[in-house]
Every structure is written in structure tokens, then in C-alpha cells.
Amino acid sequence: MKVFGAALLALCLSLGWAPGLGIASAQAAVRIKDVAAVKGVRENQLVGYGLVVGLQGTGDTLQNAPFTGQSLQAMMDRMGVNVRGANLRTRNVAAVMVTADLPPFAARGSRLDITVSSLGDAASLMGGQLLLTTLSGADGQVYAVAQGAVAVTGFSAQGQAESLTQGVPTTGRVPNGATVERELLNRLGEDGPMNLELRNPDFTTAVRIADAINAYTWATYRRRAAREDSPNSVTLQKPPGVGATHFIAEIGELMVEPDTPARVVVDARTGTVVIGQDVQILPVAVTQGALTVRITETPQVSQPGPFSKGKTVVTPQTQIDASQAGGSVAMVGGRSLRGLVRGLNQIGVKPQGIIAILQAIKSAGALQADIVIQ
């Protein structure tokens, strides 16, 4: 989907389809580095388990979170303090999970931002200090160690009769809180071929990327260096005498126009509709009416006469009114996003109605696009 037109269309749909909306139809070219990446050059997730100390009575209840007590005892044992058999009652400690993203080519000694999340029943991590925690990858190897003061944006306050919580006080971040101790083996192919992987696989986009690279390398090095292998892969063979890093930097700045299939994305929960630039609707007549049902309850009290030995009872009184507004018929169709928006604006319905109309047009065979419902 074209970013400019689709983003403006999603905004106007969420605001109720303002009349007179204009959508730019120009297709924008983007850099190759924004739509594709070198295969194998990616981030890796790290995870670890640790303790946050220094909390002001907002930590885990050790009776409800036994793993926190076990971790605290193990830590004290390593420091030469024997607390086994003691009834620990501190509320200043919380067990947490620590996560981080290890970027490609991260060198030993590099700093990473980490996220700290509570595991037990701690009320808040504000003011806490994360103790030294090892961070491991999916292979079980330790790649970084983390430690530092936890920064929390939310807060939680509680009194005898009321409590107030804003944000998520049980999750925080430690900027530059981790240090890389092991480097990933990321190596660009200096001799063999390299592969570009498309973030959104598409046959046309892969061909355009290969053509743009070949045009550049033929003009610069007098040889063709790219070949499209599949909708999500383009193989590169760097020219001799040029470093892999230099070559990737050169082709990453080349401009291409990515292409995607015609698609309509519908989020029924929020009423958001995103329509791609290439979506077409064959001419159809659409009408949309609204049915309103109003139920009014007016209970009445029935009071018995004096000395009748009767009981006072409440008798229900229900009134139901139904009304249906007349819908106008409009012609909807267009081979461009501008014409499609103009036709849908004539109906004047809310986003939920637009969703129902698009689904009905698809069922009628007039919508030449895929509908993705989230």
C-alpha cells in the first residue's frame, strides 16, 4: 500500500469521512535500504532473570512469591551471608525479567537499553536498582550483563479507602543498562554472494530492485550484480575490488518504487479502514440506512387501599420505539483512490458503516482487492 495515500485515508475514515477530502495519487520512491535488508543482519533478543532492590515497601511479598525469597537467599549465600532458615519479611526486593535487543555488529563493550518487568506481586519498581544480571540468547550463551537504576514512568498510590494507578509502575527501563560481553558472528560475504530480503515480499518489487541495482552497477562497474530469485530475495554479487560494506552502502541509497497487491485492511474494533492506492471498485449502487430501537423503562408503584391487607408492589412499564432513517443511493466506483474516496464520501456514514459496505461490495464481486480483517 502506498504510505501517503493510505495514511491520509485511514485518518479521514477514523474521523468520519470528512467531505471534500483530497488524496494525493503520486507514487513515492523509497530507498532500497528501507524496503530490504541483508540476509542474516538482524537483531537478536536477550533475556535474563534478576532482582531489583531498594524499593520503598512496594516489592514482592515473599510468602506469595517464593521464587523471590529463594533468589534472595542464593544471592546472600554468594556474598557470604547465611540467611537460610530465617523468616524473611522484606518488601524492598522484587524478582524481575530483563529483556534487551542485541543489534547486529554490536562490539564488545557496547551499551544496550534494557526493559525490566516484575514477576511477582510487587506494586511498583520506582526507585529500584537492578542488580548484576546476565542476559542470554536463544542458544543459552551469555551475551551481555545488565545493572543500573530502573526508570519507571507510571506510579501507584494507595490509601485506606482509595487507590490510584497511572501507567504501568511494574515495568521500567534502564538506559544503557547492559554491556555487551560476547559479539555475534555477523560477517558480510566478501567473496561469495549476498542476499537481500524484502520486508514485504512482492514479485514486482523484487524485479524493480534488481533492475535498479543492475543499472547502477553497469554504469559504475560495467557489470550486472543483482538477480531476483523469489518475491522476497535478491541475490547480489559484488564487483571485484569493492568491499562488501561499501557496496551495500552504495546500493542502499538507490531509489525504487515498491509495489504491493491491492488490499483493504479493516480493524473492526477501532473502526479503522486502510485502503491501498491500487484498490479498484467496479461501479455499484449502494444504499445505507440506520435502524434505531429505543427501549424505555418507567416502573410504577402500585399502592393498595387502606386496611386492604395488600402489599405495595412495583409494576414494570416498558415502551419500545423503532425508527429507521431512509438511506440515500449513491454510485460508488473508481479506478483511483481519489475517485473511490469521493464515491464513499457521498454516502455519509461512519467508519463502522464503511466496513459493512466494503464487505458487501466484496461479496458482490465489485471490490478488486483482498480484505484483511484484524
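### Considerations on the overall build of the protein
- Counting secondary structure elements, the protein contains 7 helices and 24 strands.
- Burial analysis of the protein (374 residues in total) assigns 36% to the buried set.
- Here the analysis covers contacts within the protein between residues at least 6 apart in sequence; of these, 70% occur between residues at least 24 apart.
- With an accessible surface of roughly 21500 Å², the protein has 53% of that area assigned to carbon and sulfur atoms.

### Section: the sheet that holds strand β3 (residues 44-53)
- The 6 strands lie next to each other as β3-β4-β5-β10-β7-β6, forming a closed barrel whose pairing is antiparallel. Direction aside, neighbouring strands of the sheet carry axes that sit 30 degrees apart on average.
- Two elements, strand β4 (residues 93-102) and strand β5 (residues 111-118), share 5 bridges in a ladder whose sense is antiparallel. The residue of β5 that forms the bridge with M97 is S117.
- Across the sheet, helix α3 (residues 66-78) lies against β3, β4 and β6 (129-136), angled at about 80 degrees from β3, the strand it touches most.

### Topic: the nonpolar core
- Grouped together as the largest cluster of nonpolar side chains are 25 residues, with contacts concentrated most on I114, V116, L130 and L135.
- With 5 residues, β4 is the largest single contributor of residues to this core.
- In contact with L135, other than residues within four places in its own chain, are L46, V47, G48, V98, A100, I114, Q141, V142, Y143, A144, A146 and A178.
- Grouped together as the second largest cluster of nonpolar side chains are 23 residues, I32, A226, L236 and L254 included.

### Re a nonpolar patch on the surface
- A surface patch of nonpolar side chains, amounting to about 250 Å² of accessible area, comprises Y49, F67 and L119.
- Looking at where L119 falls in the secondary structure, it is placed in the loop between β5 and β6.
- Residue L119 is classed as partly exposed on the basis of its relative accessible area, which comes to 39%.

### Some points on unusual backbone geometry
- Positive phi outside glycine occurs at F105, with the angle close to 65 degrees.
- For F105, the location among the structural elements is in the loop between β4 and β5.
- Not every positive phi belongs to a glycine, and R222 is a case in point at roughly 60 degrees.
- Note that R222 resides in the loop between α4 (203-221) and β12 (226-230).

### Some points on the sheet that holds strand β24 (residues 370-373)
- One open sheet accounts for 3 strands, arranged β16-β15-β24; its pairing is mixed. Two strands lie at the open edges of the sheet, namely β16 (272-275) and β24, each paired on one side alone. Within this sheet the neighbouring strands show an average axis-to-axis angle of 15 degrees, counted without direction.
- Alignment of strand β15 (residues 263-267) against β16, held across 4 bridges, turns out to be antiparallel. What sits directly across from V265, in β16, is V274.
- Strands β15, β16 and β24 of the sheet are contacted by helix α7 (residues 351-363), whose axis makes an angle of about 140 degrees with β24.

### Regarding the confidence of the model for the protein
- On average, residues of the protein score 79 in pLDDT, and 76% of them reach the 70 mark or higher.
- Overall, residues 1-26 carries pLDDT values under 50, and its contacts beyond four positions in sequence, including any with other chains, amount to 55 contacts.

### Structural notes on the side chain of D60
- Along the chain, the position of D60 falls in the loop between β3 and α3.
- As a buried residue without a salt bridge, D60 has its nearest oppositely charged side chain in R91, at a separation of 6.8 Å.
- A polar atom in the side chain of D60 sits 2.9 Å from the backbone nitrogen of A95.
- One polar contact links the side chain of D60 to the main-chain amide nitrogen of A122, over a distance of 3.0 Å.
- What D60 contacts, discounting residues up to four positions off in sequence, is A65, T68, T90, R91, V93, A94, A95, S118, G120, D121 and A122.

### Considerations on the packing of aromatic side chains
- One pass over the full model with this rule turns up 0 aromatic pairs.
- When the ring centre of Y143 is taken as reference, the NZ or CZ atom of R182 above it lies at 5.8 Å.
- Positioned over the ring face of W218 is R224, at 5.4 Å from the centre of the ring.

### Some words on the packing of α4 against helix α5 (residues 244-252)
- Where α4 meets α5, the axes come as close as 10 Å, and the angle between the chain directions of the two elements is 120 degrees. For the element pair α4 / α5, the angle class is oblique. For the element pair α4 and α5, the recorded crossing hand is right-handed. Here α4 contributes I213, Y216, T217 and Y221 to the contact with α5, which in turn contributes H246, F247, E250 and I251.
- Here the contact of α4 with α5 is built from residues that sort into 5 nonpolar, 2 polar and 1 charged.

### Quick notes on the environment of G148
- Here G148 lies in strand β7 (residues 142-149).
- The exposure class assigned to G148 is buried, which follows from its relative accessible area of 12%.

### Focus: the pattern of salt bridges
- According to the stated counting rule, one finds 5 salt bridges in the structure shown.
- Of the charged contacts, one joins R31 and D34 as a salt bridge, the two residues approaching to 3.1 Å between their closest N and O atoms.
- When the shortest N-O distance is used, the salt bridge between R173 and D113 registers 3.6 Å. On the criterion of sequence distance, the pair formed by R173 in strand β10 (residues 171-180) and D113 in strand β5 is long-range, its members being 60 residues apart.
- We classify D113 as partly exposed; its relative accessible area is 38%.
- It is possible to trace a salt-bridge network through shared partners that takes in R31, K33, D34 and E253.

Cut-off values and rules
- Residues numbered from 1 in each chain as written.
- Predicted model: local features only at pLDDT ≥ 70, side-chain atom pairs only at ≥ 80, totals over all residues.
- Heavy atoms only, no water.
- Helix = DSSP H or I, 4+ residues; strand = E, 2+ residues; numbered from the N terminus.
- Buried < 20%, exposed > 50% of the residue type's maximum accessible area, 1.4 Å probe, protein only.
- Contact = heavy atoms within 4.5 Å.
- Areas by Shrake-Rupley, 256 points an atom, 1.4 Å probe, with all protein chains shown as cover.
- Pairing = 2+ DSSP bridges.
- Axes fitted to C-alpha atoms, helices over the stretch in contact; angles between N-to-C directions.
- Core = buried A, V, L, I, M, F, W, Y, C linked by side-chain atoms within 4.5 Å.
- Patch = residues over 30% accessible without salt bridge, like charges linked within 9 Å, V, L, I, M, F, W, Y side chains within 5 Å.
- Salt bridge = Lys/Arg side-chain N within 4 Å of Asp/Glu carboxyl O.
- pLDDT = per-residue confidence, 0-100.
- Lys, Arg positive; Asp, Glu negative; His and termini not counted.
- Polar contact = N/O pair within 3.5 Å; in protein donor to acceptor, adjacent residues only side chain to side chain.
- Phe/Tyr/Trp six-rings, centres within 6.5 Å; stacked < 30°, edge-to-face > 60°.
- Lys NZ or Arg CZ within 6 Å of the ring centre and 35° of its normal.
- Parallel < 35°, antiparallel > 145°, perpendicular 65-115°, else oblique.
- Left-handed = near helix turned anticlockwise from the far one by under 90°.
- Nonpolar A, V, L, I, M, F, W, Y, C, P; charged D, E, K, R; others polar.

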